[in-house]
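Descriptive analysis of the structure
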Amino acid sequence: MKSKCHFKFEDLMIYNKAMDFGESVNSQINTFPKEEMYKLASQFIKAADSMALNIAAGSTSSDAQFNRYLQMAWDSAHECIVCSTKARLRGFITEEQDEKNRGDITELSKMITSFKRHLMSKMNS
């Protein structure tokens, strides 16, 4: 359901995919051992949520600033790869979940890279 107070960035497919990934990670960390809540679980959800947060924050800026925020989202995506791998190695998630995370992050990374290229081409013309 769309809110009456709708923001333009909420229409971006990349933002919505990042939101979905953050919610997926949130569900995953709920199964982590309690002692991990302030360790890997905390880092994983921060990195996952950071993608959508940076996309939203940068969307109202200049193209150059938005590109900088997209870079931060891209960096967070790569942090998520490490967190997912560590979660798998520690037995907190399955190999299948890790592969799904990797697929989702790969798709998001490609979208971020494409968006950055688009903004760069706009700035250079």
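The coordinates are above.
Treat the numbers as computed from the prediction; the structure is a model and nothing was measured.

**Let's talk about the packing of aromatic side chains**
Under the defined criterion, the tally for this structure stands at four aromatic pairs. Ring geometry for Phe 32 and Phe 92: centres 5.0 Å apart, planes at 40 degrees, overall tilted. Pair noted here: Phe 32 is in the loop between helix 1 (13-29) and helix 2 (40-58) and Phe 92 is in the loop between helix 3 (63-89) and helix 4 (95-124), with a separation of 60 residues, a long-range link. Classification of Phe 32 by relative accessible area gives buried; the value is 5%. Among the aromatic residues, those joined into a ring-pair cluster are Phe 7, Phe 9 and Tyr 15. Positioned above the aromatic ring of Tyr 69 is the side chain of Arg 68, whose terminal nitrogen or guanidinium carbon lies 5.0 Å from the ring centre.

**Considering the environment of Ala 64**
The topology assignment puts Ala 64 in helix 3. Put simply, Ala 64 and Met 120 are 56 residues apart on the chain and 7.8 Å apart in space, counted from C-alpha to C-alpha.

**Structural notes on the pattern of salt bridges**
In the structure shown here, the tally under the stated rule is six salt bridges. Where Glu 36 meets Arg 90, a salt bridge forms, and the shortest distance between an N and an O atom there is 3.9 Å. Within this pair, whereas Glu 36 is found in the loop between helix 1 and helix 2, its partner Arg 90 is found in the loop between helix 3 and helix 4, the two being separated by 54 residues in sequence. Of the residues examined, Arg 90 reaches a relative accessible area of 42% and is grouped as partly exposed.

Each value, and the rule that gives it
Positions within a chain are numbered from 1, following the residues in the order the chain's sequence is written. Selection of residues for local features in this predicted model requires a pLDDT of at least 70, selection of side-chain atom pairs for listing and counting requires 80 or more, and totals for whole chains, interfaces and linings are taken over all residues. To obtain the side-chain values, all non-hydrogen atoms of the structure were included, while hydrogens and water were left out. Stacked, edge-to-face and tilted are the three classes for Phe, Tyr and Trp ring pairs, Trp counted by its six-membered ring, which pair at centre distances within 6.5 Å; planes under 30 degrees apart are stacked, over 60 edge-to-face, the rest tilted. The helix and strand labels rest on DSSP assignments: H or I over at least four residues marks a helix, E over at least two residues marks a strand, and numbering proceeds from the N terminus. Relative accessibility decides the category of a residue: with a 1.4 Å probe and only protein chains considered, values under 20% of the type maximum give buried, values over 50% give exposed, and everything between is partly exposed. By definition here, charges over rings are those cases where NZ of Lys or CZ of Arg is within 6 Å of the ring centre and within 35 degrees of the ring normal. Whenever a carboxyl oxygen of Asp or Glu lies within 4 Å of a side-chain nitrogen of Lys or Arg, that contact is scored as a salt bridge.

The analysis is restricted to geometry; functional conclusions fall outside its scope.
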